[in-house]
Amino acid sequence: MSQTSEKAFESYIEQMLLAKGWQAGSVKEWDKELALFPAQILNFIAATQKPLWDGMHEQHGANLQSLLIKDLVRELAIKGSLHVLRHGFKFYGKTFRLAYFKPAQGLNTEVLANYQQNRLTVTRQLPCHPGDHSTLDMLFAINGLPVATCELKNPWTGQNWRNAVQQYRNDRNPRAPLFEFKQRALVHFAADPDEVHMTTRLVGKKTFFLPFNRGSHPGEVVCGAGNPQHASGYRSGYFWEEVLEREQFLDILGNFIFIERKEEKVEDGKGGSRLLQKEAVIFPRYHQLDAIRRLVAAAQLEGPGQNYLIQHSAGSGKTNSISWLSHRLANLHDGNDRKLFDCVIVITDRQVLDRQLQDAIYQIEHAQGVVKAIDQDSKQLAAALIDGTKIVITTLQKFPFVLRGLLHTAEIDSRGEKSFAPTFSPTEQAKAWEQEIAKRRYAVIVDEAHSSQTGETARELKSILGRSSPVDRSEIDAESSLSLRERAGVRGDNQPTSSFISPHPNLLPEVEGTVLYGSGKRESGETEEPDWEDRLNQVMASRGRQPNISFFAYTATPKGKTLELFGRVGHTGKPEPFHLYSMRQAIEEGFILDVLRNYTTYKTYFKLVKAMQEDPNLPKKKAARALAKFLVLHPTNISQKIEIIVEHFRNHVKHHLGGQAKAMVVTGSRLHAVKYMQAFQAYIEQHGYHDIQPLVAFSGTLLDPETGQEYTEPGMNVDSVTGKAISEKQLPECFNSPDYQVLLVANKYQTGFDQPKLMAMYVDKRLDGVQAVQTLSRLNRMLPGKEAPFVLDFVNEAEDIYRAFKPYYDATSLQESSDPALLEQLKHDLDSMQVYYSESKKSSGYGCLLDRRRQQGCCRRAYTDVFTASCPARNRAQLHYFHLPGRCLAFMNVTLKVMVGATHSRDSQGQHRDCASLPRDCLSFAGAMRRFHER
């Protein structure tokens, strides 16, 4: 058909919708003053609620229709169209429904019959303003109530979706009944044959539209903004044929759209602040809609016991996605109308998720108690797992204490308190509770946002919920073979132990000195915490899949092992994410900023400054003085770096975002952060700067080895207004206030920290792989008026950072699946170098000691997470514990991480930078490791 006319495009869309279950609406039935189709509303009520209609007709006679519409308009003004659509409106004490949505199960034939009577209409060229003759291209309504509008443009007429956006901004009155926020239409689309964009609130020229596109190459490795070709001949054909298909659109109205309410602290103009409540209608973006539907369909088809990896970039709206997925899984039934999951467990540190999920589900189901946030103790969590609670939200830290809570519940104390089964001993009762939990089926949604889990807690999750087969039991390691009573804190004589027992095979007794864990070396006994992904992988690798548990893992930066355990084999023959929304697409669609656009190393920054000083327009004497000062300020110590950071921030960053711009300084250790804080405060005091104030963030208590003084985060952060210490919980809110501009961090707030005002980052820490991506991504959050952020890196090389980002910019792929057989080859190579000797007395593993180092008291403990990550459960009895010098262990950790797919940089001679200063007597050890890796 001809595509050269806007009317032709409009007509084509109407025909497509009529073929998908819609009906053509009539402008004659439209009341533009009320923004309703009164006749359609009354006809639907009379047809689906005849007894109510007849009873009211007897009471009110001919006045019934006008009275009903009057009360409907009043309730729409009070409660909004979404609430009325889902839950009806009151008329003389009776509830009249305006729509019926498909139930989760098909047992109620009456509800299904009413669902089929929903009438979806599309009306073209509809008058939209009471005071003039303006017309809207398309209006979508359900049973006479408007729910969506659309302005269409055709490039053949010289216009596209951008012109439709301008039409909404300039020509549509936000106060008109049809367009008023929440009152009638819930979403507005600006579309052309190639793209679709949407908004849920018209505010004149400030109206903000979001893309509602599939991506340029959906499901492929490289996918940016836009849409691919469609069989209809229009790239936007998916919108008309799929999204607006009758059942799919009703599903969106019934189960996805919700009103988000947030409290925001704003200045009151009197030196104080007040809380302002903001509302927004949340309509799912296309990738969210697509991911949820694919996940639900796969879970329904495959049943429990499956793993799903969702690689969604920052800016993808994971909080909303997790909310929708939780609700859908909690109500999912199989083909026999049997509930698929008894309980959905959401593991996250997103503090807003529990409240948001409560609100969203209440809006959908009008039911309370569906969601339970575990905010008390393990007893509360244990009860929630078996008492019929649909959705449990918790942090992974609480799981090690579940069985302890179960035991407490079952315990019979001397006071004769009531128990679950008085005839059981505490151990037997704990076992009974464990069996009760294991009989149920769980969907576990793991959110990458949390970053404070501990290794043993992740394994406990699987131990508590899983059903182990006899084969599993024979293969698990020392930790998972602990008896239930040991886990519950009960000794062999049924006496409770003094503390909860939760050993971990990878945690050896800590010895003095440098500690290594997974990602490498830390200073002064500090441990580089493995992230949530490492810990989840430990669980999955050690126990395998459990038939009653499905895992849904959300991450923007999946590691190789995560792909191997949770991914699904794709057309390349390698594991791939189940669903992808890439960093490239998020950047191109404008949901996040490109943090690498203004990434600069100090070396490059110096050259730029030098070039500016050589500008002929700058007086030569002034240029010479400035350049000389800059040369002196070469960043070899903290005080010099502080001067660069403070002066750069004050001159080039602070004025952004109306003077609210903020910065983060990433330091290499807690001691480093303390020194930075001290130097920062001294510098601004020396120069009399009152427009910049720092906060510092690090965990625990630090003992300064030079002064013997102890430091804590709250102790170093003193509120400039009240003079009181700022607690760790208060720090994010304080940093968001106008009182503080710079946050100095040490292994904290580098993941999961959402502060859109961050405009700059100063890096003084070696960053590799996923850690580099997660750290720099703190800058990518969007905010109106925010430009591309700035990064000044004192330590890393630009090519290393770009290399770290490359795997996550598009789809992450697994380069090589891990091969457990390689471990024996590695042992053979190391044995042949004769750098160490084995103690015959050690039977549980290969004890490797460097005698000279041991005599010097310099032995170091090494964790073996990387080593065991590629070792199957049946080989866990062969755990290798290496006691080697710290620098040798650093090299070992780095090389083994490379072996399983991590990215680490080398210098020009091919030497790993992390191990540039290996002692001479370890060179043969290093050579063996490198040769093994290169093979």
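What counts and what doesn't
- Residues numbered from 1 in each chain as written.
- Predicted model: local features only at pLDDT ≥ 70, side-chain atom pairs only at ≥ 80, totals over all residues.
- Heavy atoms only, no water.
- Pairing = 2+ DSSP bridges.
- Helix = DSSP H or I, 4+ residues; strand = E, 2+ residues; numbered from the N terminus.
- Axes fitted to C-alpha atoms, helices over the stretch in contact; angles between N-to-C directions.
- pLDDT = per-residue confidence, 0-100.
- Contact = heavy atoms within 4.5 Å.
- Core = buried A, V, L, I, M, F, W, Y, C linked by side-chain atoms within 4.5 Å.
- Buried < 20%, exposed > 50% of the residue type's maximum accessible area, 1.4 Å probe, protein only.
- Arc of directions from axis to C-beta.
- Parallel < 35°, antiparallel > 145°, perpendicular 65-115°, else oblique.
- Nonpolar A, V, L, I, M, F, W, Y, C, P; charged D, E, K, R; others polar.
- Phe/Tyr/Trp six-rings, centres within 6.5 Å; stacked < 30°, edge-to-face > 60°.
- Polar contact = N/O pair within 3.5 Å; in protein donor to acceptor, adjacent residues only side chain to side chain.
- Salt bridge = Lys/Arg side-chain N within 4 Å of Asp/Glu carboxyl O.

## Observations concerning the sheet that holds strand β30 (residues 790-793)
A sheet is described by the order of its strands in space; here six strands give the open sequence β23-β30-β29-β24-β28-β25, paired in parallel fashion. Edge positions in the sheet fall to β23 (599-601) and β25 (694-697), since each has one partner strand and no second. Within this sheet the neighbouring strands show an average axis-to-axis angle of 15°, counted without direction. Across four bridges, the pairing between strand β24 (residues 662-667) and strand β28 (residues 742-745) is parallel. When the sheet's bridge partners are listed, V666 is paired in β28 with V745.

## Some words on the confidence of the model for the protein
Per-residue pLDDT for the protein has a mean of 75; in total, 66% of the residues score no lower than 70. Below a pLDDT of 50 lies the segment residues 468-527, which in the model reaches 143 contacts outside its immediate sequence neighbourhood of four places, other chains included. A low-confidence stretch, residues 896-921 (pLDDT under 50), is modelled with 63 contacts involving residues beyond four sequence positions or located in other chains.

## Things to note about the nonpolar core
Residues W240, L329, I391 and F552 are the most contacted members of the largest nonpolar core, which totals 92 residues. Setting aside residues up to four positions removed in sequence, W240 forms contacts with F9, I13, M16, L17, K20, C150, L152, A191 and E245.

## Some thoughts on the pairing of β25
One face of the sheet, then the other: side chains in a regular strand alternate in exactly this way. Of the two faces of β25, the one carrying P694 and V696 and the one carrying L695 and A697 are both buried. Alignment of β25 against β28, held across four bridges, turns out to be parallel. Note on β28: the bridge partner recorded for V696 is L744.

## Describing helix α3 (residues 50-60)
Residues W53, M56 and H60 constitute the buried set of α3. Buried residues of α3 fall within an arc of 75° about the axis and therefore sit on the same side. Residues of α3 that are exposed and point more than 90 degrees away from the buried face comprise P51 and E58. Looking at the buried positions of α3, the neighbouring elements they touch are α2 (38-48), α4 (64-79), β2 (89-91) and β3 (94-96). Positive phi appears at G61, one or two residues downstream of α3, with a value of about 55°.

## Some details on the packing of α2 against α4
Where α2 meets α4, the closest approach of the two axes is 11 Å, and the angle between their N-to-C directions is 105°. Viewed along their axes, α2 and α4 adopt a mutual orientation that is roughly perpendicular. In contact with P38, I41 and L42 of α2, α4 contributes Q65, L68, I69 and L72. Across the contact of α2 with α4, the residue classes tally to six nonpolar, one polar and no charged.

## Examining unusual backbone geometry
The backbone phi angle of Y92 is positive, close to 50°, even though this residue is not glycine. Relative to the assigned elements, Y92 resides in the loop between β2 and β3. Among the residues examined, Y92 registers a relative accessible area of 53% and is labelled exposed. Here N747, not a glycine, exhibits a phi torsion of approximately 55°, which is positive. Here N747 lies in the loop between β28 and β29 (758-764).

## Observations concerning the environment of W156
By the secondary structure assignment, W156 is in the loop between β6 (145-152) and α7 (161-171). Sequence separation between W156 and E6 is 150 residues; the distance between their C-alpha atoms is 8.1 Å.

## Details of the sheet that holds strand β5 (residues 135-142)
Taken together, seven strands build an open sheet; the order of strands is β1-β4-β5-β6-β7-β8-β9 and the sheet is mixed. Pairing within the sheet leaves two strands with one partner each, and these edge strands are β1 (23-24) and β9 (210-211). One ladder, built from two bridges, connects β1 with strand β4 (residues 120-127); its direction is parallel. Each residue of the ladder has a partner; that of Q23, found in β4, is T121. Taken strand by strand, helix α1 (residues 6-18) contacts β1, β4, β5 and β6, and its axis lies near 160° from that of β4.

## With respect to the packing of aromatic side chains
The geometry of two aromatic rings is summed up by the distance between their centres and the angle between their planes. Under the definition given, this model contains 29 aromatic pairs. Taken together, a centroid distance of 6.2 Å and an interplanar angle of 80° make the contact between F551 and F566 edge-to-face. Of the two residues, F551 sits in strand β19 (residues 549-555) while F566 sits in helix α20 (residues 560-566), which places them 15 residues apart along the sequence. In this pair, the class of F551 matches that of F566, namely buried. Ring geometry for Y599 against Y802: centres 6.2 Å apart, planes inclined by 65°, an arrangement best described as edge-to-face. One end of the pair, Y599, is in strand β23; the other, Y802, is in helix α30 (residues 798-809), and 203 residues separate them in sequence. Cluster of aromatic residues (ring-pair linked, three or more members): F9, Y12, F189, F212, Y234, Y238, F239, W240, F283 and Y286.

## Observations regarding the side chain of H129
Here H129 shows up in the loop between β4 and β5. For H129, a relative accessible area of 6% corresponds to the buried category. A distance of 3.3 Å separates polar atoms of two side chains, one belonging to H129 and the other to D132. In terms of polar contacts, H129 uses its side chain to reach the backbone amide nitrogen of N173, at 3.0 Å.

## Concerning the pattern of salt bridges
Inspection of every chain in the model, using the stated rule, returns 25 salt bridges. A salt bridge links R261 to E279, with the shortest nitrogen-to-oxygen separation between them at 2.9 Å. Residue R261 is found in strand β10 (residues 258-267), and its partner E279 is found in strand β11 (residues 273-282); the two are separated by 18 residues along the sequence. Residues D691 and R650 are paired through a salt bridge, measuring 3.1 Å at the closest nitrogen-oxygen approach. Of the two residues, D691 is situated in the loop between α26 (670-687) and β25 and R650 in helix α24 (residues 638-653); the sequence distance between them amounts to 41 residues.

## Brief notes about the environment of A35
In this structure, A35 sits in the loop between β1 and α2. Between the C-alpha atom of A35 and that of P146, which follows or precedes it by 111 residues, the distance is 7.4 Å. Filtering out sequence-adjacent residues up to four positions away, A35 remains in contact with W30, P146, P177, L178 and R184.

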